[in-house]
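Summary of the model geometry
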Amino acid sequence: LGDTVRIESADPLKITIAGRTKSYINAFGEELMVHNAEAALSKVCKDLECEIANYTAAPVYASDHSRGHHEWLIEFNREPVSLDEFARRLDLALQAENSDYEAKRSHGIFLDPLTVVRGRKGVFDKWLASTGKLGGQRKVPRLSNSRHPIDEILKFNR
């Protein structure tokens, strides 16, 4: 079905939906999964007293002049005081949640700090509507190795 599950207990059997098999970032060997992202975002939002309406993230691949990093597009219901501080704390929270991400971020040798783009109100709904997928069980891809979803949504953010 495309869902990943986490086994919470074997007796009695208890599982939870942990994410989607297509929703992860592993462009640099960081193996970032949705449950890592959700936990990190939840912690940072609580600490900074902000609230997220929607988000997506994708890698920005290395070029001749820069190392790779993750780009996050986030639409807030309640914005943090500082987007830079939010990004800094999200990067640290992701490192705490995921040892592979932490290893790639270690000392900035392989992976640069993530960046956050502020999403305009309704940007994700506008994008979903443009694809004919607004409403119902349609969901925004949270994490992707491809730039396709985020680049398309960023066009609506201008």
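Residues numbered from 1 in each chain as written. Predicted model: local features only at pLDDT ≥ 70, side-chain atom pairs only at ≥ 80, totals over all residues. Heavy atoms only, no water.

Let us now look at the environment of Ala-129. The residue Ala-129 is located in helix 4 (residues 123-130) in this model. Placed 13 residues apart in sequence, Ala-129 and Arg-142 show a C-alpha to C-alpha distance of 17 Å. (Helix = DSSP H or I, 4+ residues; strand = E, 2+ residues; numbered from the N terminus.)

Spatially, 3 strands are ordered 5-6-7 in an open sheet, and the strand pairing comes out mixed. Looking along the sheet, the strands with just one partner apiece sit at the ends: strand 5 (51-60) and strand 7 (115-119). Here the average twist between neighbouring strands, direction ignored, is 25°. Both strand 6 (residues 69-78) and strand 7 contribute to a ladder of 5 bridges, which runs parallel. Residue pairing for strand 7: Leu-73 is matched across the bridge by Val-117. Against the sheet, helix 2 (residues 83-97) contacts strand 5, strand 6 and strand 7, and its axis sits at roughly 120° relative to strand 6. (Pairing = 2+ DSSP bridges. Axes fitted to C-alpha atoms, helices over the stretch in contact; angles between N-to-C directions. Contact = heavy atoms within 4.5 Å.)

The next subject is the pattern of salt bridges. On inspection of all chains with the given rule, the structure shows 10 salt bridges. A salt bridge links Asp-47 to Lys-43; the nearest nitrogen and oxygen atoms lie 2.7 Å apart. Residue Asp-47 and its partner Lys-43 are both found in helix 1 (residues 34-48); the two are separated by 4 residues, about one turn of the helix. In this structure, Arg-89 and Glu-85 form a salt bridge, with 2.8 Å as the shortest nitrogen-oxygen distance. Of this pair, Arg-89 and Glu-85 both sit in helix 2, 4 residues apart, which is roughly one turn of the helix. It is possible to trace a salt-bridge network through shared partners that takes in Glu-71, Arg-147 and Asp-151. (Salt bridge = Lys/Arg side-chain N within 4 Å of Asp/Glu carboxyl O.)

All right, on to the side chain of Arg-105 then. Note on placement: Arg-105 falls in helix 3 (residues 99-105). The exposure class of Arg-105 is buried, given its relative accessible area of 11%. Side-chain polar atoms of Arg-105 contact the backbone oxygen of Leu-111, separated by 2.7 Å. What Arg-105 contacts, discounting residues up to four positions off in sequence, is Asp-91, Gln-95, Leu-111, Asp-112 and Pro-113. (Buried < 20%, exposed > 50% of the residue type's maximum accessible area, 1.4 Å probe, protein only. Polar contact = N/O pair within 3.5 Å; in protein donor to acceptor, adjacent residues only side chain to side chain.)

We now examine a nonpolar patch on the surface. Taken together, Ile-7, Leu-13 and Ile-15 make up a surface patch of nonpolar side chains, about 340 Å² in accessible area. For Leu-13, the location among the structural elements is in strand 2 (residues 13-20). (Patch = residues over 30% accessible without salt bridge, like charges linked within 9 Å, V, L, I, M, F, W, Y side chains within 5 Å. Areas by Shrake-Rupley, 256 points an atom, 1.4 Å probe, with all protein chains shown as cover.)

Here we come to the environment of Glu-31. Among the secondary structure elements, Glu-31 is positioned in the loop between strand 3 (24-25) and strand 4 (32-33). For Glu-31, a relative accessible area of 43% gives the class partly exposed. What Glu-31 contacts, discounting residues up to four positions off in sequence, is Ile-25, Asn-26, Asn-36, Asn-98 and Asp-100.

With respect to the helices and strands, the residue Thr-56 is situated in strand 5. Judged by relative accessible area, Thr-56 falls into the buried class, the value being 1%. Polar contacts involving the side chain of Thr-56 include one to the main-chain carbonyl oxygen of Arg-142, which spans 3.4 Å. Setting aside its immediate chain neighbours within four residues, Thr-56 contacts Glu-71, Trp-72, Leu-73, Phe-124, Val-140, Pro-141, Arg-142, Ile-150 and Ile-153.

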